[in-house]
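Here is what each chain is made of, one letter per residue.
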Amino acid sequence: MWSRLLGAGAPSPSRSGSGVWIEVNKSKQVLLYVEGGSVVRTLPVSTGNPNVGITTPSGTLSVTRKSPKWDGPRYKPLYIRSYGVLAIHGYPSVPPWPASHGCIRVPLWDMDEFYR
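Residues numbered from 1 in each chain as written. Predicted model: local features only at pLDDT ≥ 70, side-chain atom pairs only at ≥ 80, totals over all residues. Heavy atoms only, no water.

The next point concerns the nonpolar core. Inside soluble globular proteins, nonpolar side chains tend to come together where they are buried. Leu31, Leu78, Ile88, Val106, Met111 and Phe114 are the most contacted members of the largest nonpolar core, which totals 16 residues. At three residues, strand β6 (residues 74-79) tops the list of elements feeding residues into this core. If we skip the residues at most four places from it in the chain, Leu78 touches Val63, Arg65, Lys66, Leu86, Ala87, Ile88, Met111, Phe114 and Tyr115. (Core = buried A, V, L, I, M, F, W, Y, C linked by side-chain atoms within 4.5 Å. Buried < 20%, exposed > 50% of the residue type's maximum accessible area, 1.4 Å probe, protein only. Helix = DSSP H or I, 4+ residues; strand = E, 2+ residues; numbered from the N terminus. Contact = heavy atoms within 4.5 Å.)

Right, here's the structure in full:
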C-alpha cells in the first residue's frame, strides 16, 4: 500500500478557473477543495448508496445554508440543496465506498477544518 501511495500523482480538478469550488469524485470517493484551479485539500468521502437511500446527485450544486453544530445525524452540515437534507457533513463512519443516504460524508475531524 505504501508504494502505491508514494507513487500516486497529485489530484487535479476537472476544470481550470479562478475562485473556490468543491469537486466530488464519486468513483474514487474523494472530495477536492480547489482554489484558483489548484487542489489544496483532498478528503475521503462516502457518497450515496442507492441500496440504502439515494444516489448523490451529479452536477453543479451550491451550498445554500450551513449549521455550525450537530443537526440530526449530520455534523456541521453544508446543505447543497434548497430543499431536503442533502449535505456535505461530518459523520463517524466514512468507509471508502458509497454508504450514505445521499449525503456526502466527511470524517468528523476533517469537517471541523473544512467547515470554515
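The structure having been displayed, the exposition proceeds.
Taken across its five residues, strand β7 (residues 87-91) has four buried, putting it largely inside the fold. Relative to β7, β6 runs antiparallel, the two being bridged by three bridges. Residue Leu78 lies in a different strand from β7, and its bridge partner there is Ile88. Bridging between β7 and strand β8 (residues 104-107) involves four bridges; their strand directions are parallel. The residue bridging Ile88 from the neighbouring strand is Ile104, located in β8. (Pairing = 2+ DSSP bridges.)

With that settled, the discussion passes to unusual backbone geometry. Residues other than glycine seldom take positive phi values, yet Gln29 does so here, at roughly 55 degrees. Of note, Gln29 is situated in the loop between β1 (20-25) and β2 (30-35). A positive phi angle, near 50 degrees, is found at Lys76, a position not held by glycine. Taking the relative accessible area as the measure of exposure, Lys76 reaches 16% and is therefore buried.

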